[in-house]
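# Understanding the architecture of this molecule
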Amino acid sequence: MYKNEYHGSGGSSQLTGVKIQLEYELKSGRFIHVDVGPRKGNDNTFGSQIKNTFRPKDLSLRDLGYFSFKDFEDLESRGAFYVSRLKPNIAVYLENEDVKHHKNGKPKKSTMYKRIDLSDIASKMSEGEILEIKDAFVGRDARRRERMVIYKLTKNQLKERQSKIEKTAKKKGIKKSKNTIKLMGITIYITNIKNDILPNNQIHDIYSLRWQIEIIFKIWKSIFHISNVKPVKIQRFKCQLYGKLILLVLSSILMFKIRAELLEKERIEASEIKSAEIMNQYIQNIYLCFINRPLKVHELLISIFKFIQKNGWKSHRKGKKTFFDILGVSYNHQEKMCKSAA
């Protein structure tokens with residue numbers, strides 16, 4: 001219905017689709033950039049549009065769809081850092097010790113590097129093993145020198161990845177290449193952070209923080225139902241879309257602020273999902289309070305804070321690290337508090 005303005009990707013048989021690009025600061029929850037456009041837009045070009053938001057010592061965590069050597073160069077030039085997965089179809093080389101030379105003494109370019117077989121390396125690694133290659137040269141043309149870390153998935157992680165890949169391939173009607181299938185059991189990371197700052201056994205956990213942005217979109221879809229659209233004229237649709245986005249951004253900002261206050265004052269890690277559900281219950285009250293009783297807004301926000309403080313604790317699954325666990329933040333566990341109370 002809106003395909004002329006919001007053209008779908010086509011791969012999953014969707015003629016119409018809206019893509020929301022979101023950049024935010026992970027620790028504070030501060031939203032930096034929100035962009036709306038057609039679903040068929042290329043994620044790969046988005047990084048160059050937001051490069052000015054990065055400052056020295058910032059860390060960029062992005063999905064594979066945003067992979068760009070040019071973006072990595074821009075980040076380095078600004079004194080910023082990145083941790084990224086490496087696409088399985090990108091060639092990796094090492095410097096060749098046996099370089100051939102022309103008669104004039106110049107080295108033959110074709111012999112300066114030797115390509116390494118990542119699938120062969122993967123087959124020799126045991127599950128959960130981590131292998132670091134400090135001076136890998138990545139890309140057939142770019143040949144960027146990178147610190148590369150290879151993580152071999154556990155059996156459970158591999159099973160989970162296979163299931164996800166199969167579902168995605170079926171949904172989009174695509175077939176994975178043989179090389180992708182061969183490398184399915186490993187995750188390859190590249191970074192410009194030195195080992196003494198970020199040890200190789202922490203890279204997998206640090207990159208997993210990228211999943212936090214997926215939680216935001218999950219909240220927007222499942223709790224605030226941003227994807228529920230009625231068949232209306234394009235002008236009304238835009239009003240609904242941008243109205244929902246304003247509501248979601250303001251709600252998310254408030255949620256993150258309460259989360260930060262709970263950490264600082266109570267050493268509590270609040271759940272994003274539980275906090276969002278509570279926020280959703282109060283949305284109508286917040287709106288009416290701003291309109292009819294603006295002087296009472298402060299009291300309402302305190303009520304929300306106390307409700308999240310009591311009912312918004314993050315649950316801990318065995319063997320799963322939370323956001324605060326990965327960052328090494330000290331906080332009180334709900335489970336420990338319950339045991340001590342008993």
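First, a word on scope: everything that follows refers to the structure included in this document. Every chain's residues receive numbers from 1 upward, in the order its sequence appears when written. Owing to the predicted nature of the model, reporting of local features is limited to residues with pLDDT of at least 70; listing and counting of side-chain atom pairs is limited to 80 or more, with chain, interface and lining totals taken over all residues. Just so you know, side-chain values use all the structure's heavy atoms and leave hydrogens and water out.

Now for the sheet that holds strand 6 (residues 113–115). Two strands qualify as a pair provided that DSSP identifies no fewer than 2 bridges between them. Only DSSP runs of H or I covering at least 4 residues are called helices, and only runs of E covering at least 2 are called strands; the numbering of each starts at the N terminus. Here we have seven strands laid out as an open sheet, ordered 3-4-9-8-7-5-6, and mixed in their pairing. Of all the strands in the sheet, the pair left with one neighbour each is strand 3 (59–61) and strand 6. On average, each strand axis in the sheet is tilted by 35° relative to the strand beside it, whichever way the strands run. With three bridges connecting them, strand 5 (residues 92–95) and strand 6 associate as antiparallel partners. Within the sheet, the bridge partner assigned to E95 lies in strand 6 and is Y113. In what follows, residue pairs with any heavy atoms lying within 4.5 Å of each other are defined as contacts. An axis is simply a line fitted to the C-alpha atoms; with a helix, the fit covers only the stretch in contact. Between two such axes, the angle follows the N-to-C directions and lies from 0 to 180 degrees. Taken strand by strand, helix 6 (residues 200–208) contacts strand 3, strand 4 (81–85), strand 7 (130–138), strand 8 (144–152) and strand 9 (186–191), and its axis lies near 85° from that of strand 8.

Moving on to the side chain of E272. Position of E272 among the secondary structure elements: in helix 9 (residues 272–292). Relative accessibility decides the category of a residue: with a 1.4 Å probe and only protein chains considered, values under 20% of the type maximum give buried, values over 50% give exposed, and everything between is partly exposed. On the basis of relative accessibility, which here comes to 4%, the residue E272 falls in the buried class. Under the rule applied, a polar contact is a pair of N or O atoms within 3.5 Å (in protein, one hydrogen donor and one hydrogen acceptor; residues adjacent in sequence only if both atoms are side-chain atoms). Here the side chain of E272 touches Q212 through a polar contact of 2.7 Å, side chain to side chain. Here R259 takes part through its side chain, which lies 3.2 Å from a polar atom of the side chain of E272. Excluding its chain neighbours within four sequence positions, the residues that come into contact with E272 are Q212, I215, I219, M255, R259 and K314.

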